[in-house]
Amino acid sequence: MNYRTYLRVSLILSLGIFFTLALISSEVYGRLDMSRDKAFSISDFSRDLIEDLDAPLTISYYLSGRLERRVPAIAEIRDLLYEYRRISSGNISIEFIDPDEDASADPTAYGITPRELQVVENNEQTFAMVYSGIAVSYLDGLEVIPIIVDSSSLEYELSTRILALSGGGYQSVGFVLGSSDEDFSRYGSLIQFLSQYYEIVPLLSGDIFPPDLDTALVMGVSALTDGDLYQLEQMLLEGRGVLFAADRIGVDLEQNLSPREIRGVPAFSFLEHHGISIEPAWVLDGSNQVIPVQQQQGQVLVNSFQAYPQWPRIIASGVDQQHPLTARFSGLDLFWASPLTIRPDLIDNGARVLIRSSSDSVLDRNFSTDPAAGQTRLLQSMEAQGSFPLLISYEGPLSAYYEDAPAELGSLAFSDARQSAASSRLLVIGDSDFPTDLFQINNSTYNITFMQGVLEYLGGEEALLDLRTRGQRNTRLDALDNQMARNSVLAFGEFVSLILIPGAVIAFALTRYLLRRRASRKPGAVFGKKEPGESQDE
């Protein structure tokens, strides 16, 4: 075979291999995800969910073309949708609809809302209404993601909708208002957010609970009756999870933050029977939030923010990294939180402390809401500092507190009441204010997403919890627990930035100047080449 023939054969074989690989790649697709927690790969949960579909499912992505041209992240959304279609083996179809081009498309009819986008066209700045929302249809059902602009949470949003369509709807959550001086409006942001993923059922003390509740969130306990607690206990004994957010010291926001101790309510005895006690004290924490205050300075009223130890800011070192609820902790801010204790026989036997205050914490039994008093208490109690339990989880066998249904339930009492359970899920936190709209003061939006995790855990949806928190990390600068250690690091940082680095620059400049000056004094030193005929003076 001569050289020219060899080249022809090699070229033909190379082209054949290239086209063969191109055909194979159109049918066989693979991705290599090297990220932590495989945050950019379809999870096993979603794969199983898609494989279990019994009928075709359609994903309609309403996307304005002018938005796609300006937001690079839209390409990632497209990629993820194509990945869903690929692993569905033909069960999922994808359609892309531009409402600006298709006059018959009406995404608002499905609840997909437009958003305003600033655009520059023909050298003019204008504002345009653009769409980026998804409608998922399956059998006779329809679920909507009203707006999506990046792919970071898209798998969770899609899979929860597919699960609701294929699994019979969303879980039902009893939102129990257990305090007589509260109303649902204080929890407005939380309820609005959770309603995207759950059927929220508002309940007051004295109400009869619907029998189909999957979980319950109890906000406050001062007004709970024996009838309320009996129904909640029956939920626990049937394996349905319950959170108690219980204040031991209430704060009246309408009366200048006036505190009052809550005593003699049956909920405390109920929780103690199940092994968890709430102490009549507040945790003052060196790791804390700030509170807005007004101060009179002369004739002027000045608004400022002060450190507020009565509002603990939970840091990463204070959480149980092995529990599914707190394994990927992103943050939590509490308001006037009381410490908890676990009955000794339950320690390491079903009960776990999920969240603690920092080691720079003390207990306050005087209940002062004044910021200065809290700071003084911290400084004066250095010898009594410690870390205190603030959220406790119990998962295990449970025995009933109530042997018989309270008379107040009358004929509506449970006919098949249980007296014990092999496994129950109970969460107790000594603060009912953290899920309220108070979180907006310091923009503590992680309080709401934490409550979302609470419901996922209580409802046995750990796979969804894991999916939602993939790649999630605590972004606070709180790696150091001890306040003295943090102050030392801050002082060292100030020393480096204000003294060491400027000093090094000055020393380098001074040294260079002295060396050049010494060199200039040496006999015969030449710093520039003279042109022929140029005088020395020049």
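First things first, this report covers the structure right here in the doc. Starting afresh in each chain, residues are numbered from 1 along the sequence in its written order. Local features in this predicted model are restricted to residues of pLDDT 70 or higher, and side-chain atom pairs are both shown and tallied only at a pLDDT of 80 or more, whereas totals for entire chains, interfaces and linings draw on every residue. Heavy atoms from the whole structure form the basis of all side-chain values; hydrogens and water molecules are not counted.

## Here we look at the nonpolar core
General note: in soluble globular proteins, nonpolar side chains tend to be found buried as a group. The following threshold applies: To qualify as a nonpolar core, a set must consist of buried Ala, Val, Leu, Ile, Met, Phe, Trp, Tyr and Cys residues joined through side-chain atoms within 4.5 Å. Throughout, exposure labels follow a simple rule: accessible area from a 1.4 Å probe, protein chains only, divided by the maximum for the residue type, with under 20% read as buried, over 50% as exposed, and the rest as partly exposed. Contact criterion: two residues are considered in contact whenever any of their non-hydrogen atoms come within 4.5 Å of each other.
Among the nonpolar cores identified, the biggest contains 53 residues, and Leu 217, Met 219, Leu 243, Ile 355, Leu 427 and Val 454 are the most heavily contacted of them. The residues contacting Leu 217, other than those within four sequence positions of it, are Val 173, Gly 174, Phe 175, Val 176, Leu 194, Leu 243, Met 451, Val 454, Leu 455 and Leu 458. Core analysis: the next-biggest nonpolar cluster, separate from the first, contains 40 residues, Leu 224, Ile 278, Ile 392 and Leu 426 among them.

## As for the packing of aromatic side chains
Applicable threshold: Only Phe, Tyr and Trp rings are paired, with Trp represented by its six-membered ring, and only when their centres lie within 6.5 Å; those with planes under 30 degrees apart are stacked, over 60 edge-to-face, the remainder tilted. Only DSSP runs of H or I reaching four residues or more are called helices, and only runs of E reaching two or more are called strands; each is numbered from the N terminus. Criterion for a charge above a ring: Lys NZ or Arg CZ within 6 Å of the ring centre, and within 35 degrees of the ring normal.
Applying the stated criterion across every chain yields a total of 17 aromatic pairs. Between Tyr 230 and Tyr 402 the ring centres are 6.2 Å apart and the planes differ by 80 degrees, which places this aromatic pair in the edge-to-face class. Residue Tyr 230 is located in helix H7 (residues 226-237), and its partner Tyr 402 is located in the loop between strand E21 (389-399) and strand E22 (420-429); the two are separated by 172 residues in the primary sequence. Tyr 402 carries the same exposure label as Tyr 230, and that label is buried. An aromatic cluster is built from Tyr 230, Phe 244, Phe 270, Tyr 401 and Tyr 402, whose rings are joined through pairwise contacts. It is Arg 78 that lies over the ring of Phe 96; its NZ or CZ is 4.1 Å from the centre.

## What to know about the side chain of Gln 171
Note the cut-off: Polar contacts, as counted here, are pairs of nitrogen or oxygen atoms within 3.5 Å of one another; within protein the pair requires one atom able to donate a hydrogen and one able to accept it, and residues that are adjacent in sequence qualify only if both atoms are side-chain atoms.
Looking at the secondary structure, you find Gln 171 in the loop between helix H5 (154-167) and strand E7 (172-177). Accessibility expressed as a relative area gives 16% for Gln 171, which makes it buried. Polar contacts involving the side chain of Gln 171 include one to the main-chain carbonyl oxygen of Gly 459, which spans 3.2 Å. In contact with Gln 171, other than residues within four places in its own chain, are Tyr 198, Glu 199, Asp 214, Thr 215, Gly 459 and Glu 461.

## Considerations on the sheet that holds strand E1 (residues 57-63)
By definition, the strands of a sheet pair up through backbone hydrogen bonds, in either a parallel or an antiparallel sense. Going by this rule: Strand pairing is assigned whenever DSSP identifies at least 2 bridges connecting the two strands. Axes, fitted as lines to C-alpha atoms, cover a helix only where it is in contact. Angles between the N-to-C directions of the axes lie from 0 to 180 degrees.
Pairing within the open sheet is mixed, and its 4 strands lie in the order E2-E1-E5-E6. Only two strands of the sheet have a single partner each, and these edge strands are strand E2 (92-97) and strand E6 (141-145). For this sheet the average axis-to-axis angle between neighbouring strands, irrespective of direction, equals 15 degrees. Docked against the sheet, H5 engages E1, strand E5 (132-138) and E6, running at close to 160 degrees with respect to E6.

## Points about helix H8 (residues 266-273)
The criterion, for reference: Read the arc as the range of directions from the helix axis to the C-beta atoms.
Among the residues making up H8, those that are buried are Ala 267, Phe 268, Phe 270 and Leu 271. Each buried residue of H8 sits inside an arc of 160 degrees when the element is viewed along its axis, so together they form one side. The inward-facing, buried residues of H8 abut H7, strand E10 (242-245), strand E13 (276-278) and E22. Just past H8, the residue Gly 275 takes up positive phi, approximately 95 degrees.

## So, unusual backbone geometry
Despite not being glycine, Leu 257 shows a phi value in the positive range, around 55 degrees. Assignment of secondary structure puts Leu 257 in the loop between strand E11 (249-252) and strand E12 (258-261). One non-glycine residue, Trp 336, lies in positive phi territory at about 55 degrees. Within the fold, Trp 336 resides in the loop between strand E17 (332-333) and strand E18 (340-342).

## Looking at the sheet that holds strand E15 (residues 288-297)
Pairing in this open sheet of 3 strands is antiparallel, and the strands run E15-E16-E17 from one edge to the other. The sheet is open, and its two edges are formed by E15 and E17, each paired on a single side. Bridge count for E15 against strand E16 (residues 300-314) is 10 bridges, and the pairing is antiparallel. Note that in E16 the partner of Pro 292 across the bridge is Phe 305.

Spatial relationships are all this shows, so hold off on functional conclusions.
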